[in-house]
Amino acid sequence: DLSSKPRLPPFGGPKGPSLGGYTLPGMEKDLIDQAVVKLRIVVVALVLGVATFGAVAYFLVRGSDFDTDSSLQIPLLGALGALTIGLLVVFPVLEKSLLGVGGAGEIDLGQALTAYSTIVIVRAAMIEAVGLFGGVIYLLTAHPGGLLALAVSIALLLAPQPSRGGAEEWIARMGDEARSG
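Residues numbered from 1 in each chain as written. Predicted model: local features only at pLDDT ≥ 70, side-chain atom pairs only at ≥ 80, totals over all residues. Heavy atoms only, no water.

Turning to the overall build of the protein, a few remarks are in order. When helices and strands are tallied, the protein shows 5 helices and 0 strands. The N-to-C order of helical and strand elements in the protein reads α-α-α-α-α. Per-residue burial over the protein gives 35% buried out of 181 residues. By sequence separation, contacts in the protein at least 24 residues apart represent 79% of the contacts at least 6 residues apart. For the protein, the exposed area adds up to about 9500 Å²; of that, 67% sits on carbon and sulfur atoms. (Helix = DSSP H or I, 4+ residues; strand = E, 2+ residues; numbered from the N terminus. Buried < 20%, exposed > 50% of the residue type's maximum accessible area, 1.4 Å probe, protein only. Contact = heavy atoms within 4.5 Å. Areas by Shrake-Rupley, 256 points an atom, 1.4 Å probe, with all protein chains shown as cover.)

Printed below as a string of structure tokens:
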């Protein structure tokens, strides 16, 4: 039943201190908090996966007679650069497309949280991909650039953790898009 979904007030409605001038009732704040907790769990799981893979790669290469091939360094580092640049181009396009999901008028909180969750998870997965590819490069070539990609990806995953403020900002941006679109 669509009428039972929590909705933000229609734009032009009552003003308040958050969400671009709109106040959220307590139930909606609880839904946002629940979504944020789940997203933090996902991001931490991705961090642990990248860190574990990095540790395994490091100890395999440094701790034994693991066979590496330095002739692969240039092509693989080039592929890592291309992957990183490609993700930097694709992400803003995806983000822009998700901002318009709500359509015009009222914004459904469920849709907004789904869009926010999607963008957080996709962003984290893209960063994870760079880190894991860096680990593969290190395994194959023993080039320290692979470890650097791992470390940077872990830092980027940890830096902007999902938050209620981030979710509320996203919802406000969706509202701005709905008003202008």
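Another point: the environment of Val90. The residue Val90 is located in helix α2 (residues 73–99) in this model. Separated by 36 residues in the primary sequence, Val90 and Met126 place their C-alpha atoms 9.9 Å from one another.

Let us now look at the nonpolar core. Counting residues in each nonpolar core, the largest one holds 35 residues, and the members touching the most others are Ile32, Tyr116, Ile119, Leu157, Trp170 and Met174. The set of elements that each furnish at least two residues to this core consists of α1 (26–63), α2, α3 (109–141), α4 (144–158) and α5 (164–180). Ranked by residues supplied to this core, first place goes to α3 with 12 residues. Excluding its chain neighbours within four sequence positions, the residues that come into contact with Tyr116 are Leu39, Pro162, Ser163, Gly166, Ala167 and Trp170. (Core = buried A, V, L, I, M, F, W, Y, C linked by side-chain atoms within 4.5 Å.)

Next up on the list: the packing of aromatic side chains. Taken as a whole, this structure holds 2 aromatic pairs when the rule is applied. Geometrically, the ring pair formed by Tyr58 and Phe59 is edge-to-face, given 5.4 Å between the ring centres and 80° between the ring planes. Residue Phe59 is classed as exposed on the basis of its relative accessible area, which comes to 58%. Aromatic pair Tyr58 and Tyr138: ring centres 6.4 Å apart, planes at 10°, arrangement stacked. Of the two residues, Tyr58 is situated in helix α1 and Tyr138 in helix α3; the sequence distance between them amounts to 80 residues. (Phe/Tyr/Trp six-rings, centres within 6.5 Å; stacked < 30°, edge-to-face > 60°.)

Between the first and last C-alpha of α3 there are 48 Å, a value that for 33 residues agrees with the 48 Å anticipated at 1.5 Å per step. Just downstream of α3, Ala142 is the residue with a positive phi angle, here 60°. (Expected span 1.5 Å × (residues − 1).)

Assignment of secondary structure puts Ser153 in helix α4. Classification of Ser153 as buried rests on a relative accessible area of 2%. The contacts of Ser153, once residues within four sequence positions are left out, are Val50, Ile127 and Gly131.

What follows covers unusual backbone geometry. Of note, the phi angle at Ala142 is positive, near 60°, even though the residue is not glycine. Residue placement: Ala142 occurs in the loop between α3 and α4.

Put simply, α3 and α4 touch, their axes get as near as 7 Å, and they point 160° apart. As the angle between them shows, α3 and α4 are arranged roughly antiparallel. When the axes of α3 and α4 are compared, the crossing they make is left-handed. Along the contact surface, α3 presents Arg123, Ala124, Ile127, Val130, Gly131, Gly134, Gly135, Ile137 and Tyr138, while α4 presents Pro144, Gly146, Leu147, Ala149, Leu150, Ser153, Leu156 and Leu157. Of the residues in the contact of α3 with α4, the class split is 11 nonpolar, 5 polar and 1 charged. (Axes fitted to C-alpha atoms, helices over the stretch in contact; angles between N-to-C directions. Parallel < 35°, antiparallel > 145°, perpendicular 65-115°, else oblique. Left-handed = near helix turned anticlockwise from the far one by under 90°. Nonpolar A, V, L, I, M, F, W, Y, C, P; charged D, E, K, R; others polar.)

Turning next to a nonpolar patch on the surface. Together, Val56, Leu60 and Phe66 make up an exposed nonpolar region whose accessible area comes to about 230 Å². Note on placement: Val56 falls in helix α1. With a relative accessible area of 43%, Val56 lands in the partly exposed category. (Patch = residues over 30% accessible without salt bridge, like charges linked within 9 Å, V, L, I, M, F, W, Y side chains within 5 Å. Salt bridge = Lys/Arg side-chain N within 4 Å of Asp/Glu carboxyl O.)

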